[in-house]
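# Breakdown of the fold
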Amino acid sequence: MSSILRNILKPSILKSTKPHFPISSSSTLYTSLFSSSYYSTSTTNGKMYGGLEPTKPNEKPRLVVLGSGWAGCRLIKEIDTKIYDIVCVSPRNHMVFTPLLASTCVGTLEFRSVAEPIGRIQPAISSEPGSYYFLANCSSVDTKDHVVHCETVTDGAQALEPWKFNIAYDKLVVASGAEASTFGIHGVHEHAIFLREVHHAQEIRRKLLLNLMLSDIPGVPEEEKKRLLHCVVVGGGPTGVEFSGELSDFIMKDVRQRYAHVKDYIHVTLIEATEILSSFDDRLRHYAVKQLTKSGVRLVRGIVKDVQPDKIILSDDTEVPYGLLVWSTGVGPSPFVKNLEVEKSPGGRIGIDEWLRIPSVQDMYAIGDCAGFLESTGKPVLPALAQLSPSASGHDVLPYKECDDNLLQQVAERQGKYLAKFLNRIGKAGGGHANNAENVDMGDPFVYRHLGSMATIGRYKALVDLRQSKEAKGLSLKGFPSWFIWRSAYLTRVISWRNRLYVAINWLTTLLFGRDISRI
């Protein structure tokens, strides 16, 4: 195993010289990894040491980015690699184009079309001797010594045990995002599927097609067919609505043609405690309700109190059987963010100032869904136009619960772009190394301006809301023109020309030949 790991890692590490931080295990896997030229190692009092040591004054400062979402990847793309070495630590080696993720669940798009490898976003990570990507999670941060403690991600592979390592940083950017909120409701993690990552979309697709095939088997009772083919979506925000619209399209155009024996059994139910798309204009919201209903989506106003393997129970004790359950009620801070010993903003996010710095520590910044302005700044927690509202679970959620992926993407992407320029300016002024930026001019603070929200509702229909806020006046569109704008906008926002070509070809293929229903 040691020789295999050494051969796999060798091509990318030949030029590296990296020592000395403690590791908690003496496993042979640790020894083989950290005894390569990638790290220099030593033993003191029986302890193995390995990791990325602090940079020297004559070396480029090291920028460590935790996360590979919209904020982190925009930062990585814009940072000047002549000034900084970049180290990205994330449990995934790609960025997900989340606004199009729902389309992959039903075969409108292929999964690779919405995933952009980090090495393509910033080629220096693959080619520069001091820049790396590590498939790992950050477990804690030593802000005094400027060290992050990490543990590798092995996806449960039995042949590999996770090992720990440390990275010294000059500048640290936390862009680790948020996680789906379950509000402590029993059974959600065990039985529901979230829609935040590519593997979630893959799981939804496999479960949906499996249920279709099982329900077509002779002898399956009618009640069981109805349950297997009942798709329940909890949460009436843009993600839940867009997935419901894609699913209804799939049923009307593909299932009824290719699963004729069970076409009358499959249907979709969308459960929300208040109003769907509550951040959109009232006229657009009513239009969405009408179109979804026409597409066969059943809208239910209710609060979920329990999730069981084959049914959910609402607060009025109504039982809703399901074969597929998708949970989309909002997001909240991750355990890593909760455990960080820094001041927090309202909602539990990492507190930042107007320059996206964490003011209580040196050389540490936070961007994206994990960050929010401190109350002392007088700025609202971004994105600003989301209102605190109850979800389908009946619990209050974070202020960005009702915002669509487009809005969250706007905020995160602009924060990443701003911080890249900010750090480039600091680096050019000689403040790139740790504890060396006190006298550098900060420049203008970060300002977010909302450009609008979009959501598709299926049947070649979409909503476009260009108001600055829910209370402001402005342009709002619906129907086919909005759908055309939605597709055009997202096609241009896909990061690489490679993936733009994938998306365009997928859309054309689906239009001409329908969706692929292979269960792979």
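Procedures and definitions
- Residues numbered from 1 in each chain as written.
- Predicted model: local features only at pLDDT ≥ 70, side-chain atom pairs only at ≥ 80, totals over all residues.
- Heavy atoms only, no water.
- Phe/Tyr/Trp six-rings, centres within 6.5 Å; stacked < 30°, edge-to-face > 60°.
- Buried < 20%, exposed > 50% of the residue type's maximum accessible area, 1.4 Å probe, protein only.
- Helix = DSSP H or I, 4+ residues; strand = E, 2+ residues; numbered from the N terminus.
- Pairing = 2+ DSSP bridges.
- Axes fitted to C-alpha atoms, helices over the stretch in contact; angles between N-to-C directions.
- pLDDT = per-residue confidence, 0-100.
- Contact = heavy atoms within 4.5 Å.
- Expected span 1.5 Å × (residues − 1).
- Bend = angle between axes of the 7 residues up to and from the residue.
- Parallel < 35°, antiparallel > 145°, perpendicular 65-115°, else oblique.
- Left-handed = near helix turned anticlockwise from the far one by under 90°.
- Nonpolar A, V, L, I, M, F, W, Y, C, P; charged D, E, K, R; others polar.
- Salt bridge = Lys/Arg side-chain N within 4 Å of Asp/Glu carboxyl O.
- Polar contact = N/O pair within 3.5 Å; in protein donor to acceptor, adjacent residues only side chain to side chain.

## Describing the packing of aromatic side chains
If you walk through the whole model with that rule in mind, you get ten aromatic pairs. Taken together, a centroid distance of 5.6 Å and an interplanar angle of 10 degrees make the contact between Tyr132 and Phe134 stacked. Each member of the pair, Tyr132 as well as Phe134, carries the same accessibility label: buried. Ring geometry for Phe134 versus Phe165: centroids 5.3 Å apart, planes at 75 degrees, classification edge-to-face. Remark: Phe165 occurs in strand β10 (residues 164-168) and Phe134 occurs in strand β8 (residues 132-142); sequence separation between them is 31 residues.

## Topic: the sheet that holds strand β26 (residues 461-465)
What the three strands build is an open sheet, ordered β25-β26-β27; its pairing is antiparallel. Across the chains shown, the open sheet's two edge strands, defined by having one partner strand only, are β25 (453-458) and β27 (476-479). On average, adjacent strands in this sheet sit at an angle of 10 degrees to one another, irrespective of strand direction. Here β26 runs beside β27; their pairing, made up of four bridges, is antiparallel. Bridged to Leu463 within β27 is Lys478.

## Describing unusual backbone geometry
Apart from glycine, the bulk of residues carry a negative phi angle, and the bulk of peptide bonds sit in the trans form. The phi dihedral of Leu277 is positive, around 50 degrees, even though this residue is not glycine. Note that Leu277 resides in the loop between β15 (267-272) and α11 (282-294). Leu277 sits in the buried class, given a relative accessible area of 0%. For Arg459, which is not glycine, the phi dihedral falls at a positive 55 degrees. Along the chain, Arg459 turns up in the loop between β25 and β26.

## Looking at the confidence of the model for the protein chain
Fine structural detail should not be taken from predicted coordinates in areas where pLDDT scores are low. Scored by pLDDT, the protein chain has a mean of 84; 83% of the residues are at 70 or more. This model gives residues 1-38 a pLDDT under 50, and the stretch forms 86 contacts once residues within four places in sequence are excluded. Segment residues 384-404: pLDDT under 50, and 76 contacts once partners within four positions in sequence are set aside and those in other chains are kept.

## Topic: helix α10 (residues 238-258)
Taking 1.5 Å as the rise per residue, α10 with 21 residues should run 30 Å; its terminal C-alpha atoms sit 29 Å apart, in good agreement. Largest kink in α10: about 40 degrees, centred on Ile251. When you tally the buried positions in α10, you get 16 out of 21 residues, the bulk of the element.

## Notes on the packing of helix α14 (residues 480-493) against helix α15 (residues 497-513)
One can describe the packing of α14 onto α15 by two numbers: an axis separation of 8 Å at closest approach and a directional angle of 150 degrees. Considering the angle they form, α14 stands roughly antiparallel to α15. The element α14 and its partner α15 pack so that their crossing is right-handed. Where α14 approaches α15, its residues Arg487, Leu491 and Thr492 are matched on the opposing element by Arg500, Val503, Ala504 and Trp507. Of the residues belonging to the contact of α14 with α15, the class tally is four nonpolar, one polar and two charged.

## A few points about the environment of Arg425
Mapped onto the fold, Arg425 is located in helix α13 (residues 405-428). In this structure, the C-alpha to C-alpha distance between Arg425 and Val440, residues 15 residues apart in sequence, is 8.8 Å. Those residues in contact with Arg425 that lie beyond four places of it in its chain are Asp441, Met442 and Gly443.

## So, the pattern of salt bridges
Using the criterion set out here, one finds 19 salt bridges in the structure. Asp363 is the salt-bridge partner of Lys171, the closest N and O atoms lying 3.2 Å from each other. Residue Lys171 is located in strand β11 (residues 171-174), and its partner Asp363 is located in the loop between β22 (350-352) and β23 (364-366); the two are separated by 192 residues in the primary sequence. Judged by relative accessible area, which is 0%, Lys171 ranks as buried. With a closest N to O distance of 2.0 Å, Arg493 and Glu413 form a salt bridge.

## Thoughts on the side chain of Arg349
Here Arg349 is to be found in the loop between α12 (335-339) and β22. A distance of 3.0 Å separates a polar side-chain atom of Arg349 from the backbone oxygen of Ala371.

## Considering the environment of His94
Mapped onto the fold, His94 is located in strand β6 (residues 94-96). His94 gets classed as buried once you look at its relative accessible area, which sits at 19%. Separated by 27 residues in the primary sequence, His94 and Gly67 have C-alpha atoms spaced 9.8 Å apart. If sequence neighbours within four positions are ignored, His94 has contacts with Ser68, Ala115, Glu116, Pro117, Ile118 and Val198.

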